[in-house]
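Below, each chain spelled out in residue letters.
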Amino acid sequence: TELYQHLLGLASPWHVARVELDVKARRVRVFAEHAEDGRFNCPECGAVCPLHDHDEERSWRHLDSCQFETHLVARVPRVRCDTHGTRQASVPWSQPRSRFTLLFERFAIDVLSATDVLNASKILGISWDQAHHIMERAVERGLACRSLDSVEHIGVDEKSIAKRHKYTTMLHDLDRGVVLEVSQGRSKESLQTCLKSVPTSTLENVKAFAMDMWQPYFDTLCASVTDAASKIVFDRFHIVAHMNKALDLVRRAENRKLLSAGDDRLVGTKYDFLKGAERIDEDTRQWFVRMKNAGFKTARTWSIKELLRGLWDCPSKRQAMRWWKSWHASAVRSRITPVINVARMIKSHLPNVMTYLDHRITNAGSESNNSVVRMLQKRAFGYRSFDNFRTAVLFRCGGLNIYPPT
């Protein structure tokens, strides 16, 4: 009893009354009792109240003792508060509605952080539901004590989570690289749900929002944040991705035409053309130049794509506008339909492309979190419940203080 008194860290008025050992079941049961004259705090207001009665005997799972499953057993006292009436008192070894001690939950959170819920439940010797509930309580605890006063740059992004165009909207703190909120869908309503998790004062003080050119997101931010139009930055990587898609369309069409004439020079070159100029060697660069001089549309489109990337390296908006006009003219003169379509799309969103020169932010932090989310989806073989998906994302990527106090 003295050993478990120290192991459990019990203090007055609680003490270990007896310990039962079941060798066959490999289980230890530690019975805790309190002093008869013990007084307890009201869980609502914290007032010290006299004992009223007890609830039925309950058991909490604790850390194993010498590979023996250990359970703490006690009858929780109830107190009568002058303000709130009869309430169940809190116990020092566990949080309300939990069937595990605080030390066990901390250990369980470490295991859940290292593996998926199924394997964690096997290691801990508990059910899948119990392991998932520990994760849920950890996320609730972290969200309750989270402060968002210092958020200055927010990323808005959508993520495909299942087949048949099922998406989720994710809000990111770009400076800390954490996920602020997750909601179902990629509509105005889904972004509004995410924005509700951020205090209005914080939203108004945000310096810039990075996002793709999805119109429902743009409209929602403009309706929710003062002067949002000057703070929204259309992500450069999404814009270049559109140009890469146009490049691939041109390559495939030209490759089919060449193959029909018996020319296979574009076969197997897909990923060569998708690379940036800084990622190719000199021989490949000279090969691109020869292809361009030979009149290959794919090589010319690659040059136009690389020229567009220089827009975000301009030191000022004035120089960026000159760069844009020059690039737009060359894109239109190319007479390559996919390139012209991208040029028109960028022109229609040009004001919020140029805001990059004011804020210099991208959605790269959001894409980093998306890679972790993809790993979670693969490890779990998908999620049947969106709530389970949200819990897993915030547990891993939320940057929350998920540990219970001990």
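Residues numbered from 1 in each chain as written. Predicted model: local features only at pLDDT ≥ 70, side-chain atom pairs only at ≥ 80, totals over all residues. Heavy atoms only, no water.

(A) Here's a closer look at the sheet that holds strand β12 (residues 232–234). Spatial ordering of the open sheet is given by β10-β9-β8-β11-β12, a layout of 5 strands whose pairing is mixed. This sheet does not close on itself; its edge strands, each paired only once, are β10 (178–184) and β12. In this sheet, adjacent strand axes meet at a mean angle of 25° when their direction is disregarded. Across 6 bridges, strand β9 (residues 166–173) lies against β10 in antiparallel orientation. Directly across from Thr168, in β10, lies its bridge partner Gln184. Against the sheet, helix α5 (residues 188–195) engages β8 (153–162), β9 and β10, with an angle of about 140° to β10. (Pairing = 2+ DSSP bridges. Helix = DSSP H or I, 4+ residues; strand = E, 2+ residues; numbered from the N terminus. Axes fitted to C-alpha atoms, helices over the stretch in contact; angles between N-to-C directions. Contact = heavy atoms within 4.5 Å.)

(B) Spatial organisation of the state of the cysteines. All chains considered together, the criterion is met by 0 disulfides. Between Cys49, a free cysteine, and Cys81, which holds the nearest cysteine sulfur, the sulfur-to-sulfur gap is 4.4 Å. Looking at Cys49, the relative accessible area reads 4%, which means it is buried. Left without a disulfide partner, Cys397 is nearest to the cysteine sulfur of Cys194, which lies 14 Å away. According to the relative accessible area criterion, Cys397 is buried, its value standing at 6%. (Disulfide = S-S within 2.5 Å. Buried < 20%, exposed > 50% of the residue type's maximum accessible area, 1.4 Å probe, protein only.)

(C) Just the pattern of salt bridges, in detail. Tallying each qualifying case throughout the model produces 20 salt bridges. Taking the shortest distance from any N to any O, the salt bridge between Asp53 and Arg78 comes out at 2.8 Å. Pair noted here: Asp53 is in strand β5 (residues 51–65) and Arg78 is in strand β6 (residues 68–81), with a separation of 25 residues, a long-range link. The class of Asp53 is partly exposed, set by a relative accessible area of 25%. Take Arg78: its relative accessible area is 26%, and that puts it in the partly exposed class. Between Asp64 and Arg61 there is a salt bridge, and its shortest N-O distance comes to 3.2 Å. Take Asp64: its relative accessible area is 43%, and that puts it in the partly exposed class. Arg61 sits in the buried class, given a relative accessible area of 7%. Salt bridges here are not isolated pairs; linked through shared partners, they connect Arg27, Arg61, Asp64 and Glu69. (Salt bridge = Lys/Arg side-chain N within 4 Å of Asp/Glu carboxyl O.)

(D) Focus on the side chain of Thr70. Among the structural elements, Thr70 can be located in strand β6. A distance of 3.4 Å separates the side chain of Thr70 from the backbone oxygen of Leu63, its partner in a polar contact. Among the polar contacts listed, one links the side chain of Thr70 to the backbone oxygen of Phe68, at a separation of 3.1 Å. Excluding its chain neighbours within four sequence positions, the residues that come into contact with Thr70 are Tyr4, Val28, Val30, Trp60, Arg61, His62, Leu63, Asp64 and Ser65. (Polar contact = N/O pair within 3.5 Å; in protein donor to acceptor, adjacent residues only side chain to side chain.)

(E) Region of the structure containing the packing of aromatic side chains. Evaluated as defined, the whole model comprises 12 aromatic pairs. With 5.5 Å between their ring centres and 45° between their planes, Trp287 and Phe288 make a pair best called tilted. The interplanar angle of 40° and the centroid separation of 6.0 Å between the aromatic rings of Phe386 and Phe389 together place this pair among those described as tilted. Taken together, the positions of Phe386 and Phe389, both in helix α17 (residues 386–397) and 3 residues apart, correspond to about one turn of that helix. The rings of Trp14, Phe40, Trp60 and Trp93 are connected pair by pair, giving a single aromatic cluster. If you follow Arg18 out to its NZ or CZ, it ends over the ring of Phe31, 3.7 Å from the centre. Geometry around Phe68 places Arg26 over its ring, the cationic atom sitting 4.9 Å from the centre. (Phe/Tyr/Trp six-rings, centres within 6.5 Å; stacked < 30°, edge-to-face > 60°. Lys NZ or Arg CZ within 6 Å of the ring centre and 35° of its normal.)

(F) Summary view of the pairing of strand β11 (residues 208–211). Residue alternation in β11 divides its side chains into two sets, Ala208 and Ala210 and Phe209 and Met211, and both sets are buried. Note that β11 and β12 share 3 bridges and pair parallel. Of the residues in β12, the one forming a bridge with Ala210 is Val233. In this view, the connection linking β11 to its parallel neighbour β12 by way of helix α7 (residues 215–224) has right-handed handedness. (Right-handed = clockwise from strand over helix to strand, strands pointing away.)

(G) Here's a closer look at the environment of Tyr383. Along the chain, the position of Tyr383 falls in the loop between α16 (364–380) and α17. Separated by 221 residues in sequence, Tyr383 and Ala162 have C-alpha atoms that sit 8.6 Å apart.

(H) Structural context of the packing of helix α11 (residues 297–309) against helix α12 (residues 317–333). α12 packs onto α11 with a crossing angle of 165° between their chain directions and a minimal axis gap of 10 Å. Taken together, the axes of α11 and α12 lie roughly antiparallel to each other. Crossing of α11 over α12 shows left-handed handedness. Seen from α11, the contacting residues are Ile304, Leu307 and Leu308; seen from α12, they are Trp323, Trp327, Ser330 and Ala331. Split into classes, the residues belonging to the contact of α11 with α12 amount to 6 nonpolar, 1 polar and no charged. (Parallel < 35°, antiparallel > 145°, perpendicular 65-115°, else oblique. Left-handed = near helix turned anticlockwise from the far one by under 90°. Nonpolar A, V, L, I, M, F, W, Y, C, P; charged D, E, K, R; others polar.)

(I) Highlighting the nonpolar core. Ranked by size, the top nonpolar core spans 52 residues in total, and within it Ile154, Leu171, Leu221 and Trp327 carry the most contacts. Among the elements that line this core, the one with the most residues is helix α8 (residues 236–260), at 5 residues. Ignoring anything within four residues of it in the chain, the contact list for Leu221 reads Val156, Leu191, Leu195, Phe209, Met211, Ala228 and Ile232. In terms of nonpolar packing, the next biggest core, distinct from the first, is built from 27 residues, Leu112, Val117, Val182 and Val373 among them. (Core = buried A, V, L, I, M, F, W, Y, C linked by side-chain atoms within 4.5 Å.)

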